[in-house]
Amino acid sequence: MDVWVEKHKCTGCAHCHDVCPVAVFEMKDRDSPEANNDHAPEADKWKGQTDGPLLAKWKDVKDGHRHFENKFEGGSGGLSVATNGSACILCQACLIECEGECIVIVDDAGTTYRSIYK
Ligand code: SF4
Ligand code: SF4
């Protein structure tokens, strides 16, 4: 199993980090050298630019999670990095919790799964 986050769409809500039963995701500060420590292809790596429509959609939402903050603190902020993708058991919990619809999972047969926010 391989898992990565399309970083330009990650709000930093940390829902994936909170629901994953096998700790696939780590939250990292946006300026951390570890912000791209998963298998995201070049186009999906964090380059300091957030998707504009997603920024407009989520930046002012008050749901108890911080959005688009540089630092991970207080349980949210920063962005998510799938540092432990090989542990994924494809429970799909993260796929329905991801605000940015930016989690990609590829199973061992090559089938791709993408998040769709519930
Ligand atoms: S689908 Fe995989 S990465 Fe997502 S929550 Fe389940 S085990 Fe974790
Ligand atoms: S649930 Fe999605 S948007 Fe929220 S931190 Fe995880 S990858 Fe980013």
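The structure we're discussing is the one just above.
Residues numbered from 1 in each chain as written. Chains lettered and ligands numbered in written order. Predicted model: local features only at pLDDT ≥ 70, side-chain atom pairs only at ≥ 80, totals over all residues.

Enquirer: Please explain the overall build of the protein as it appears in this structure.
Expert: Looking only at helices and strands, one finds three helices and five strands in the protein. With respect to the principal axes defined by its C-alpha atoms, the protein has extents near 40 × 30 × 25 Å. Expressed as a percentage of the 118 residues in the protein, the buried residues total 39%. Intrachain contacts of the protein at a sequence separation of at least 6 include 72% that bridge at least 24 residues. (Helix = DSSP H or I, 4+ residues; strand = E, 2+ residues; numbered from the N terminus. Buried ≥ 20, exposed ≤ 12 C-beta atoms within 10 Å, placed from the backbone. Contact = placed C-beta atoms within 7 Å.)

Enquirer: Any chance you could explain the pairing of strand β4 (residues 103-106) here in plain terms?
Expert: When strand β1 (residues 2-5) meets β4, the two strands line up antiparallel, connected through four bridges. When the bridges of β4 are listed, Val3 appears paired with Ile105. Pairing analysis gives three bridges linking β4 to strand β5 (residues 112-114), with the strands arranged antiparallel. The residue bridging Val104 from the neighbouring strand is Arg114, located in β5. Hairpin geometry of β4 and β5 is characterised by an intervening segment of five residues between the two adjacent antiparallel strands and by a positive phi of about 90 degrees at Gly110. (Pairing = 2+ DSSP bridges.)

Enquirer: Can you walk me through the sheet that holds β5 in this structure?
Expert: Within a sheet, each strand pairs with its neighbour through backbone hydrogen bonds, oriented either parallel or antiparallel. Taken in spatial order, the three strands make up an open sheet running β1-β4-β5, and their pairing is antiparallel. The two strands at the open ends of the sheet, each matched to only one other strand, are β1 and β5. On average, adjacent strands in this sheet sit at an angle of 20 degrees to one another, irrespective of strand direction. (Axes fitted to C-alpha atoms, helices over the stretch in contact; angles between N-to-C directions.)

Enquirer: Sorry if this is basic, but what is going on with unusual backbone geometry here?
Expert: Glycine aside, negative phi is the norm for most residues, and most peptide bonds take the trans geometry. Although it is not a glycine, Gln92 sits at a positive phi angle of roughly 75 degrees. Topologically, Gln92 is positioned in the loop between β3 (79-81) and α3 (93-97).

Enquirer: Please explain the site of ligand 2 as it appears in this structure.
Expert: Lining the immediate environment of ligand 2, one finds 15 residues, of which Cys10, Cys13, Cys16, Cys98 and Gly100 sit closest. Here the residues of the shell around ligand 2 are counted per class, giving eight nonpolar, five polar and two charged. (Near = placed C-beta within 6 Å. Nonpolar A, V, L, I, M, F, W, Y, C, P; charged D, E, K, R; others polar.)

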